[in-house]
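Structural overview
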Amino acid sequence: MLARTPPGERRPNLPLRLKEQLDLCSQYPERVLFLDIETTGLSHHYDEITVIGWSIGGRASTMVKGDSHDRLREDARHAIALITFNGIRFDQRFIRQEFPDVAFPVHHIDLMYLCRRVGLTGGQKAIERVLGLGLRGEIADVDGFAAVLLWHRYLRGDVAALETLVRYNRADIAAMGAIFDHVIDRFQIDPDLFLQRAAFRDWAAPSGWMDIPPFKSAPAELSSAPTFDQLLGGTPAENVRIVGIDLTGSEARGSGWCLLDGEKASFETVFTDADLLELTLSSKPDLVSIDSPLCLPSGRVSVEDSDPGRTRFGIMRECERELKRRGVNVYPCLLPSMQKLTARGIRLATSLRRLGFPVIESYPGAAQDIMRIPRKGAGVEWLRLGLADFGVVGDLTAASHDELDAITSALVGSFHWSGLTEAMGTSEEPPLIIPKLDGNAHPIIIGISGPIAAGKTTLARALEEMGFAYTRFSLVIDQELENRGQPLDRHHRQALGDEINRTGRQRWLAERTLSRVGAAQAIVVDGLRFPEDHAYLAEQAGGSYVHVFVDADESIRRNRYAMRAADGDFDAVAASAVESQINSMRSLADLVFPNVGPKDDISSFAMNLVTEVRPNTCQSPS
């Protein structure tokens, strides 16, 4: 008999409902269902069940992923009570999600909470050690993390790994019975409360509970994982150049850096911000994907705890809260240990975007889940193997942990370029990008830049006639001028545009400009002037974004400007601050259209452009 509560200590409180549940279990021990599951990870959103084990009626059963769950459904229907450890938050939620037709009994006793009533805290194995239980034998060193690796070993042909995983699962269930007995003893229940005193250890670990049935190799449909060619072949990501950065919080510690050219990866470790920028710029990527928070919680103005909004707005962003809701362990971006990383990520992203390079915040862990690769805590060899199996080409045997995470971060960029992602964020907080295989295709966005009187608006209106929703930056600026009670003339438009850019609100202007067309799936944006405009639109549409630079000789543009009812002198307008970076837009453009001929040339160019960007997706403006 296990020791009762020591003399002098207060007897744990036993609520009436719990007394009734314990009495029910003692009356019908043969109908008590002890259950435990193994999964590929902790997130009910991204992970999946690999093994379900249960004991009921003197029989131990196991179901492996891919097996029929008929017996589990019948045993659950017959059970009068369910016993788990952390099953309310974990096991039950996974099973209801994957097997909604399994109906568990109303009475669910979660031993994690029951143990707390008698002062036993921590995980199940920690409680087993405190109680001196010795049910695990040669698998005593296996834990939940090792269980994930056992499953991956099985998928790669190691049947013995599955046998070990099943033994581990059954040992969990057996220990539940012993823990249940101990907790009941701790409660010092009066003998006449129960009609009889069951020994639940015998029901959780019935005769032959460690007799493991023979298993076969994992079937092809179970062991096959998605590959680069399957997911991204034939998409815009097939030939895109993505830089991935696994950023650290300090220049003293190296950051993983990768250039992913299609599926070909080159990588290295980089220390300083200057070197990160130089290497990234020289690689001329289409997109940069950074594993680091790239914005502050809405309402915050700095990373420091002295921020005046610290108390009101906290240290977490909405994307981090959503990941928590999905069962993903994520650190708040302004946790003290994260503040330097967040500040560094924001600085790096800002520098790149000002030069016209689109930047996304990535989450490599989610990509690893989708590719069925154990996360980095599993060990560097599993990341190497998983990335190679996925189809990444390169000498991965030479890659460090950080460099492998940088490759994964770059793959998130590849998913995003093809529209296979989910943007988690709010209108006030730029999004965290999560891979999503059934993600919605990006809208087609054509951005048009060029010098004064080159014909940008003429081309944009031609595209509008072909079904593209039209928007332009000056529409937002005009609205702001009206709000300020200022005239809607070129002088005030340029002055406000310059103010917006100088005060770091260019991305705000781009966001407001794009928001004017709502959920349209084919959009033309007129009047890009700064590299940040290009970066923002590329971030939104990935491989569905096309930047057209419209150009013409200065003499032609002067004549056109003189022929239209425009306010302001051509030279003064062309020399204004908001036109100062127009020439840099040419190098960022996908296409340069020399608009030097008749208007029909613009119509022909517009028609060819629409044909190239899949006109069937065009929608009329709503």
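What you are looking at is a predicted structure, and each value in this text was computed from that prediction instead of being measured. (Residues numbered from 1 in each chain as written. Predicted model: local features only at pLDDT ≥ 70, side-chain atom pairs only at ≥ 80, totals over all residues. Heavy atoms only, no water.)

1. Quick word on the overall build of the protein chain
Here is the rule we go by: Numbering of helices and strands starts at the N terminus; helices are DSSP runs of H or I of at least 4 residues and strands are runs of E of at least 2. Between buried and exposed lies partly exposed: a residue is buried under 20% and exposed over 50% of the maximum accessible area for its type, with that area taken using a 1.4 Å probe on protein chains only. Residue contacts are counted whenever heavy atoms from the two residues lie within 4.5 Å of one another. Charged residues are defined narrowly, with Lys and Arg counted positive, Asp and Glu counted negative, and His plus the chain ends left uncounted. For charged residues, the charge sits on one atom: NZ in Lys, CZ in Arg, CG in Asp, CD in Glu.
The number of helices and strands found in the protein chain is 26 helices and 17 strands. Based on the C-alpha atoms only, the size of the protein chain along its principal axes is roughly 105 × 50 × 50 Å. Burial status across the protein chain gives 54% buried among its 622 residues. Across the protein chain, every contact between residues at least 6 apart in sequence was considered, and the portion connecting residues at least 24 apart equals 71%. The centroid of the 68 positive side-chain charges in the protein chain is displaced by 4 Å from the centroid of its 84 negative side-chain charges.

2. Some thoughts on the pairing of strand β2 (residues 49–56)
Short version of the rule: Two strands are counted as paired when DSSP detects at least two bridges linking them.
In terms of burial, β2 is largely enclosed, as 8 of its 8 residues are buried. Where strand β1 (residues 32–39) lies against β2, 6 bridges are found, and the strand directions are antiparallel. In the strand pairing of β2, F34 is matched with S55. As paired strands, β2 and strand β3 (residues 59–64) are joined by 6 bridges and run antiparallel to one another. By the bridge assignment for β3, I52 is matched with M63. Between β2 and β3, which pair antiparallel and follow one another directly, the connecting turn spans 2 residues, one of which, G57, has a positive phi of 60°.

3. A closer look at the confidence of the model for the protein chain
Operational definition: Values of pLDDT, which run from 0 to 100, indicate the predictor's confidence residue by residue.
The pLDDT averaged across the protein chain works out to 91; a share of 94% of its residues lies at or above 70. Segment residues 1–5: pLDDT under 50, and 11 contacts once partners within four positions in sequence are set aside and those in other chains are kept.

4. What about the packing of aromatic side chains?
Keep this limit in mind: Here a Phe, Tyr or Trp ring, Trp counted by its six-membered ring, pairs with any other such ring whose centre lies within 6.5 Å, and the pair is stacked when the planes are under 30 degrees apart, edge-to-face when over 60, and tilted otherwise. Two limits define a charge over a ring: the Lys NZ or Arg CZ must be within 6 Å of the ring centre, and within 35 degrees of the ring normal.
This model, assessed by the stated rule, comprises 9 aromatic pairs. Taking the centre distance of 6.5 Å and the plane angle of 55° together, the rings of F34 and F200 count as tilted. Residue F34 is located in strand β1, and its partner F200 is located in helix α8 (residues 200–204); the two are separated by 166 residues in the primary sequence. The class of F200 is buried, set by a relative accessible area of 0%. Look at F390 and F415: their rings are 6.4 Å apart centre to centre, the planes differ by 45°, and that puts the pair in the tilted class. Of this pair, F390 sits in helix α16 (residues 380–390) while F415 sits in helix α17 (residues 401–417), and the two are 25 residues apart along the sequence. F390 sits in the buried class, given a relative accessible area of 1%. Positioned over the ring face of Y470 is R461, at 3.6 Å from the centre of the ring. Positioned above the aromatic ring of W508 is the side chain of R505, whose terminal nitrogen or guanidinium carbon lies 4.2 Å from the ring centre.

5. Notes on the environment of P29
Here P29 is to be found in the loop between α1 (16–27) and β1. For the pair formed by P29 and R586, sequence separation is 557 residues and the distance between their alpha carbons is 77 Å.

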